[in-house]
Amino acid sequence: MILSVKNLSKNFRDGKKNLNVLQDVSFDVKKGEIVTIKGPSGSGKSTLLSILGTLDDADSGKIVINSTLINEVKDLNKLRNLNIGFVFQFHNLISELTLEENVLIPKMINKEEIDNQKIEELFTFFDLQDRMKSFPNDLSGGEKQRVAVMRAIINNPSIVIADEPTGNLDKENVLKIIALFKKLNINNKLTFIIATHDDQIFEIGHSKYNLESGKLIKI
Ligand SMILES: Nc1ncnc2c1ncn2[C@@H]1O[C@H](COP(=O)(O)OP(=O)(O)OP(=O)(O)O)[C@@H](O)[C@H]1O
Ligand SMILES: [Mg+2]
């Protein structure tokens, strides 16, 4: 199992109201599995992904990533940088950096040597080999999202967490991202956890879940 989640609960206080966003959520993810999660707006999908990505804490419950109980990890930044790649609805690229520099951020944080040939191969795989020195603002939305996916996978993460990765794309680019995720899943055995409102991307899940009223239910 690459990820194991047990009895996760999360509440938020909104003024005097208590929001039970996640109630006793448990599930497992195998290596090479694509997990897709849908649910109404405000049902807690982003909250769940943030907690799985160690960007937020749960109130209770256990998360094991790659045999490591993350509740006990002191340096979560390192664990996150090495194990988890993130793709968000808005690409979150840094506009002052070139595409190449954006993609290399996780490697720089990790103070790793850069293999230029590998980087070129990666850009070729994503059909952006001529744009390595371009800046994010010179790209289309779909191209930017492909760069965001490159940045997410540059450190060979165990898991890619994608929160509405196609939320901001047109139909054609949605299909491209779906094809790309499938290709990365098959070629690299990459594991995906994807929250989405899009039926087409939801359908690529090997395991599909619905999050509603705090409960994560397998479909
Ligand atoms: N920091 C916070 N403080 C208080 N309430 C919060 C906080 N973050 C999220 N919430 C609330 O928790 C609930 C779940 O939010 P979340 O963003 O996880 O939903 P979501 O399923 O991702 O929705 P969407 O589909 O619109 O992206 C919402 O009611 C939201 O208002
Ligand atoms: Mg959300």
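In the block above lies the structure referred to throughout.
First, a word on scope: everything that follows refers to the structure included in this document.

Calculation criteria
Residues numbered from 1 in each chain as written. Chains lettered and ligands numbered in written order. Predicted model: local features only at pLDDT ≥ 70, side-chain atom pairs only at ≥ 80, totals over all residues. Heavy atoms only, no water. Buried < 20%, exposed > 50% of the residue type's maximum accessible area, 1.4 Å probe, protein only. Helix = DSSP H or I, 4+ residues; strand = E, 2+ residues; numbered from the N terminus. Near = heavy atom within 4 Å. Polar contact = N/O pair within 3.5 Å; in protein donor to acceptor, adjacent residues only side chain to side chain. Axes fitted to C-alpha atoms, helices over the stretch in contact; angles between N-to-C directions. Parallel < 35°, antiparallel > 145°, perpendicular 65-115°, else oblique. Left-handed = near helix turned anticlockwise from the far one by under 90°. Contact = heavy atoms within 4.5 Å. Nonpolar A, V, L, I, M, F, W, Y, C, P; charged D, E, K, R; others polar.

1. With respect to helix α1 (residues 45-52)
Taken across its eight residues, α1 has six buried, putting it largely inside the fold. Within α1, the full set of buried residues consists of K45, T47, L48, L49, I51 and L52. One or two residues past the end of α1 sits T54, with phi positive at roughly 60°.

2. Focus on the site of ligand 1
As a matter of local geometry, ligand 1 sits amid 13 residues, with S41, G42, K45, T47 and H197 nearest to it. Here an oxygen atom of ligand 1 and a backbone polar atom of G42 are 2.8 Å apart. Between an oxygen atom of ligand 1 and a main-chain N or O atom of S43, the distance comes to 3.2 Å. For the shell around ligand 1, the secondary-structure elements that each account for two or more residues are β2 (17-29) and α1. Considering each element in turn, the shell around ligand 1 owes the most residues, three residues, to α1.

3. Details of the packing of helix α3 (residues 99-109) against helix α5 (residues 141-153)
Look at α3 against α5: their axes get within 7 Å of each other, and the N-to-C directions meet at 30°. In terms of orientation, α3 and α5 fall into the roughly parallel class. Crossing handedness for the pair α3 and α5: right-handed. Across from L99, N102, V103 and P106 in α3, the residues of α5 making contact are V147, M150 and R151. Its residues assigned to classes, the contact of α3 with α5 shows five nonpolar, one polar and one charged.

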